[in-house]
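Residue-level listing of the chains:
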Amino acid sequence: KPSRTIADQLSELLVHGPKIVGNDPKHWQAVRYARLHAGEYYPADSVLLCELPDAWLYTRSGIVITKEGAVLEDSTPTFDHFKNLPQDASMEHAPRISGLCLPIMTLWDSNYAHWLMDSLPRLMAVSHLPRDLKILVKPHLQSFQRESLELLGIPKNQIVEVDSPFVRVERLAVIRSANASGVPHKALLSSLRDRLLEGAGVGVPRTSTRIFVSRSKTPSRSRSQRRILNQEDVT
């Protein structure tokens, strides 16, 4: 069933239309109107993987800066939400990390959904993780983050928590797995699902049963923007 937000947001569109239309197409105010039917589109048509020598990494959002100083927009799916690098953090004195490293941190990776949709799919782009590959993450991982990495079979000695705004990496693997935050390439998402189920010892289910999780009581914008018209019938 379509989302009930159609009626709610139609009045908003009439009143604040010029302001909303004037926003960048990727701005949330504009993007949410593309989600009125509670569906999602996965537009990533390809997965890109490259290795950069002697590159910087801004660890708070996963932005990559080449040794020539170029900021790579495709290095993180949350680039559009944090384009400006901090002025109070020094790249010149950034600590160095040797070897081959794969960063999976993003701006919102402490959120379960964004960790699942933005961070973990990157690991699926590497079919066989080299034993010397270091997985770079933010410090103080939450329990669900550690559990998911364990289910994927990532050894603890490959996980490196980086507690500095900038680091310089000897060999940095950069993966473009999505065009935007929350919409990874469907093949990566499918592989991630299978790997997590396998790691949990469940196996891939053959039924089409779906579990509906309501957000009606969530104190966030999701409460008003992701309601389902016949929610009482499916809960």
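Look above for the structure.
Predicted model only: the values in this text are computed from it and were never measured. (Residues numbered from 1 in each chain as written. Predicted model: local features only at pLDDT ≥ 70, side-chain atom pairs only at ≥ 80, totals over all residues. Heavy atoms only, no water.)

Enquirer: I tried to follow helix H3 (residues 112-119) on my own but got confused; where do I start?
Expert: In an α-helix there are 3.6 residues to a turn, and that puts residues three or four apart on one side. Considered for burial, the residues of H3 that qualify are Trp 115, Met 117, Asp 118 and Ser 119. Of the surrounding secondary structure, the elements contacted by the buried residues of H3 are helix H4 (121-124), strand E5 (134-137), helix H5 (143-151) and helix H6 (186-199). If you check the start of H3, you find a side-chain oxygen 2.9 Å away from the backbone N of Ala 113, and it comes from Asn 111. (Buried < 20%, exposed > 50% of the residue type's maximum accessible area, 1.4 Å probe, protein only. Helix = DSSP H or I, 4+ residues; strand = E, 2+ residues; numbered from the N terminus. Contact = heavy atoms within 4.5 Å. Polar contact = N/O pair within 3.5 Å; in protein donor to acceptor, adjacent residues only side chain to side chain.)

Enquirer: What's the story with unusual backbone geometry in this structure? I'm lost.
Expert: Residues apart from glycine generally show negative phi values, whereas peptide bonds are mostly found in trans. Although it is not a glycine, Asp 54 sits at a positive phi angle of roughly 55°. Following the sequence through the fold, Asp 54 ends up in strand E1 (residues 48-58). According to the relative accessible area criterion, Asp 54 is partly exposed, its value standing at 25%.

Enquirer: When you look at the pattern of salt bridges in this model, what are you seeing that I'm missing?
Expert: Should the charged atoms of two oppositely charged side chains come close, the side chains can pair. Following the criterion strictly, the structure yields 7 salt bridges and no others. Residues Arg 171 and Glu 51 are paired through a salt bridge, measuring 2.8 Å at the closest nitrogen-oxygen approach. Here the residue Arg 171 occupies a position in strand E7 (residues 166-176), and Glu 51 occupies one in strand E1, the gap between them amounting to 120 residues. Under the relative-accessibility criterion, Glu 51 is labelled partly exposed at 43%. Two residues, Arg 168 and Asp 54, come together in a salt bridge whose shortest N-O distance is 3.1 Å. A residue pair is termed long-range when its members are at least 10 positions apart, and Arg 168 in strand E7 and Asp 54 in strand E1 qualify at 114 residues. (Salt bridge = Lys/Arg side-chain N within 4 Å of Asp/Glu carboxyl O.)

Enquirer: I keep staring at H5 and nothing clicks. Help me out?
Expert: Listing the buried residues of H5 in full gives Phe 144, Gln 145, Ser 148 and Leu 149. For H5, the arc enclosing every buried residue in end-on projection is 135°, short of the 170-degree limit, so these residues lie on one face. Away from its buried face by more than 90 degrees, H5 exposes Ser 143 and Glu 150. Buried residues in H5 make contact with H3, H4, strand E6 (159-161) and H6. One or two positions beyond H5, positive phi appears at Gly 153, with a value near 80°. (Arc of directions from axis to C-beta.)

Enquirer: Explain the packing of aromatic side chains here, please?
Expert: Where two aromatic rings form a pair, the distance of their centres and the angle of their planes describe that pair. Scanning the entire structure with this criterion turns up 2 aromatic pairs. Arranged with centres 5.1 Å apart and planes meeting at 45°, the rings of Tyr 58 and Phe 166 form a pair that is tilted. Of the two residues, Tyr 58 sits in strand E1 while Phe 166 sits in strand E7, which places them 108 residues apart along the sequence. Here the two residues Tyr 58 and Phe 166 agree in accessibility, since each one is buried. Against the face of Trp 56 rests Arg 168, its NZ or CZ located 3.7 Å from the ring centre. (Phe/Tyr/Trp six-rings, centres within 6.5 Å; stacked < 30°, edge-to-face > 60°. Lys NZ or Arg CZ within 6 Å of the ring centre and 35° of its normal.)

Enquirer: Even after reading the chapter, I still don't get the nonpolar core, so can you show me in this structure?
Expert: One recurring pattern in soluble globular proteins is that nonpolar side chains are buried together. Counting 22 residues, the largest nonpolar core has Leu 102, Ile 104, Leu 123, Ile 135, Leu 149 and Leu 152 as the members making the most contacts within it. Elements that contribute at least two residues to this core include exactly strand E4 (96-103), H4, E5, H5, E7 and H6. Contact partners of Ile 135, with chain neighbours within four places excluded, come to Leu 102, Ile 104, Leu 123, Ile 154, Gln 158, Ile 159 and Val 160. (Core = buried A, V, L, I, M, F, W, Y, C linked by side-chain atoms within 4.5 Å.)

Everything listed here is a matter of geometry and, on its own, says nothing about what the molecule does.
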